[in-house]
Amino acid sequence: MTATAALAVFRLSAYVRSHRVYQSLLLVLALLAVLHSSRAPRGEEAGVLAGAAVLIVPVLAWSARSLLDTEPDRQRELSAVTVGGRGRELVAGLAAALATCVALAATGLAAALLLGTSARPSSGVLAAGVAMHGLAALTGTALGALTSRAVVRSPALSIMGLVFGFLLMLLVSASPAYWLTVPLVVWMRAANDGDLVARFPELAAVSLAWCLLALTWYAWRRLRR
């Protein structure tokens, strides 16, 4: 195991031992219990999967932010020295945050399929749903990183930035300029209109571009501090 991978595993274990992971898990379970309190009618599978992927994003962002903030600043500096540079330390943190978000997103996907739908979705819709939850995990990681303590020192401003960041993402994605952010609202519109499979390559490309730009900006801010 490389030093970077070992540091990522160490951060995951620290996140679990700090019990912060249970806060995120309980919040995810509460959200899923409300969201899937009744099954959607047959034929609405795409809408269920899209809605679940969108609504879990702020929880994933909070989880990623919480994981990145678990390690004290001095410990982060020591970790950078241990693994051979701040770049590797940054990658380890993001990898640990992404792994956490993927696990929680997978829980959301499983709940949507088992509790939220009345019929098995088609292969195309299922593939799009799985990909949307993967993009939700990446989006949550990026948004959580941008509002973590290493970027926003004030905890109050950090939480406000996370909430307003998600709301701004929804507002922009509901406008004609949806390509400026992760088009969450367009995901749901396409799913409800039956166009999700046809439009998904375009929407996925826009989502990936925003996430990569956000993570690049985060890395630039972190490495300049």
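- Per an unreviewed UniProt entry, the protein chain goes by ABC transporter permease and derives from Nonomuraea coxensis DSM 45129.

### Quick word on the state of the cysteines
In step 1: Taken as a whole and assessed by the stated rule, the structure comprises 0 disulfides.
In step 2: Cys211 supplies the cysteine sulfur nearest to Cys101, a cysteine that is in no disulfide, at a spacing of 11 Å.
In step 3: By relative accessible area, which is 0% here, Cys101 ends up buried.
In step 4: On the basis of relative accessible area, Cys211 is assigned to the buried category, the value being 0%.

### Regarding the UniProt feature "transmembrane region" (unreviewed entry) in the protein chain
In step 1: When the UniProt feature table is mapped onto this chain, "transmembrane region" (unreviewed entry) is found at residues 49-68, 89-113, 125-147, 159-180 and 200-220.
In step 2: The distance from the first to the last C-alpha atom of residues 89-113 is 36 Å, and the span holds 100% helix and 0% strand.
In step 3: Between the end C-alpha atoms of residues 200-220 there is a gap of 30 Å, over a span that is 100% helix and 0% strand.

### Things to note about empty space enclosed by the protein
In step 1: Under the definition given, this model contains 1 cavity of 30 Å³ or more.
In step 2: In this structure, the largest cavity spans a volume of roughly 40 Å³.
In step 3: Arg11, Leu68, Asp69, Arg76, Glu89, Ser148, Arg149, Ala150, Tyr218 and Arg222 are the residues that line the largest cavity.
In step 4: For the lining of the largest cavity, the elements supplying multiple residues, two or more each, are helix 4 (57-70) and helix 10 (196-224).
In step 5: A per-class count over the lining of the largest cavity returns 3 nonpolar, 1 polar and 6 charged.

### Considering the environment of Ser66
In step 1: Secondary-structure assignment places Ser66 in helix 4.
In step 2: For Ser66, a relative accessible area of 7% puts it in the buried group.
In step 3: Along the chain, Ser66 and Leu35 lie 31 residues apart, while their C-alpha atoms are 24 Å from each other.
In step 4: Setting aside chain neighbours within four positions, we find Ser66 in contact with Tyr15 and Arg20.

About the cut-offs
Residues numbered from 1 in each chain as written. Predicted model: local features only at pLDDT ≥ 70, side-chain atom pairs only at ≥ 80, totals over all residues. Heavy atoms only, no water. Disulfide = S-S within 2.5 Å. Buried < 20%, exposed > 50% of the residue type's maximum accessible area, 1.4 Å probe, protein only. UniProt positions renumbered as here; feature names shortened; annotations may be inferred. Helix = DSSP H or I, 4+ residues; strand = E, 2+ residues; numbered from the N terminus. 1 Å grid on protein atoms, 1.4 Å probe; cavity = no way out; pocket = protein on both sides within 12 Å on 5 of 7 lines; lining within 4 Å. Points joined across faces, edges and corners; volume = space filled by probe spheres on them. Nonpolar A, V, L, I, M, F, W, Y, C, P; charged D, E, K, R; others polar. Contact = heavy atoms within 4.5 Å.

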